[in-house]
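Tertiary structure, described
As a plain string of letters, each chain reads:
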Amino acid sequence: MREDPFAPLAEAYEAWYETPLGAFVIAEEERALRWLLPPGESLLEVGAGTGYWLKRLPYAKKVGLEPSLAMLRVGQKQVPEATWVAGRGEALPFPEKSFDAVLIFTVLEFVEDVERVLLEARRVLRPRGSLVVGILEALSPWAALYRRLGEQGVTPWAQARFLAREDLEGLLGPPEVEGKAVFLAPEAKPPFAEADGAGKRAGNRGALYLGRWR
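Calculation rules
- Residues numbered from 1 in each chain as written.
- Predicted model: local features only at pLDDT ≥ 70, side-chain atom pairs only at ≥ 80, totals over all residues.
- Heavy atoms only, no water.
- Helix = DSSP H or I, 4+ residues; strand = E, 2+ residues; numbered from the N terminus.
- Rg over C-alpha atoms; globule rule 2.2 N^0.38 Å.
- Axes fitted to C-alpha atoms, helices over the stretch in contact; angles between N-to-C directions.
- Parallel < 35°, antiparallel > 145°, perpendicular 65-115°, else oblique.
- Left-handed = near helix turned anticlockwise from the far one by under 90°.
- Contact = heavy atoms within 4.5 Å.
- Nonpolar A, V, L, I, M, F, W, Y, C, P; charged D, E, K, R; others polar.
- Pairing = 2+ DSSP bridges.
- Right-handed = clockwise from strand over helix to strand, strands pointing away.

**Considerations on the overall build of the protein**
Counting secondary structure elements, the protein contains seven helices and seven strands. Starting at the N terminus and ending at the C terminus, the protein contains elements arranged as α-β-α-β-α-β-β-α-β-α-α-β-α-β. Compactness check: the protein gives a C-alpha radius of gyration of 16 Å against a globular reference of 17 Å for 214 residues, within 12% of the reference. For the protein, the C-alpha atoms occupy an extent of roughly 45 × 35 × 30 Å along the three principal directions.

Laid out in C-alpha cells, this is it:
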C-alpha cells in the first residue's frame, strides 16, 4: 500500500485559499466549476479531500469518497452533512447507477490507475448522469511549478502525474461542455485579475481544465 502523501497536509490543506493569490485562484476555479455543474439530487465526489467542494455544491445528497484517512477526518468535521466513505476511485464501494453526478476534481494526478477510476465513475452514474472532471493542465505554468517541486521531493507533488486536455479527451471522448480557469503565472503579482487576463492573451493554458461528460 502506498504511503499517504496527504497525511501531513490535512489540517492545513485549505490555508492557501486564504492568501490573496489563493483566494483569487479558488474563486476562479469555483466560478468555472459551478458553470459546468449538472442538475440532480445526488453527487459523489471521488477524492473529496477536506470537503471544500462538497460544502459548497448544491446537491441534496452528497457523498465524499476519500482514500486519505487524515483528510477524511478533517472533511467529516467540516462537512458533517455529507456522507463520508473511505475508499479508492479504482474500486468504488457503490452499486451501479447510484448517482446523478460524479465529480473528480484534481484527483487523477494522484491515482494509480486513471482509466480504472474513470470506468468506475461511469459505472455508478445513473442514466443521463454527468461526470465532471477537473485536471491540473499538464501544459500550464502551474504544472511546470508542481513538476519542479515534485523533483525536489515536495509532498504531494513527488507522487503526481499530470494530464493535458488532449489526454482526457483521448480517455473519455469529446466533452459535452468544457471550461478553463487560472491563466496567470504562479509568480503573478496583484492585481490578479489583470495578470489573469494578460496570461490568457499570452496564450497560457489555464491551470485548471474542466470537462463534463454524459
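**Side note on the packing of helix 1 (residues 20–36) against helix 7 (residues 192–201)**
At their nearest, the axes of helix 1 and helix 7 sit 11 Å apart, and the two run at 60° to each other. One element, helix 1, and the other, helix 7, form an angle in the oblique class. For helix 1 against helix 7, the interelement crossing comes out right-handed. Side by side, helix 1 and helix 7 meet where Pro-20, Leu-21, Phe-24 and Glu-28 of the first sit next to Phe-192, Ala-193 and Asp-196 of the second. Tallied by class, the residues present in the contact of helix 1 with helix 7 amount to five nonpolar, no polar and two charged.

**Side note on the pairing of strand 3 (residues 83–86)**
Pairing of strand 2 (residues 61–66) with strand 3, which is carried by four bridges, proceeds in the parallel orientation. In the strand pairing of strand 3, Val-63 is matched with Thr-83. A crossover links strand 2 with its parallel partner strand 3, the connecting element being helix 3 (residues 69–78), and its sense is right-handed.

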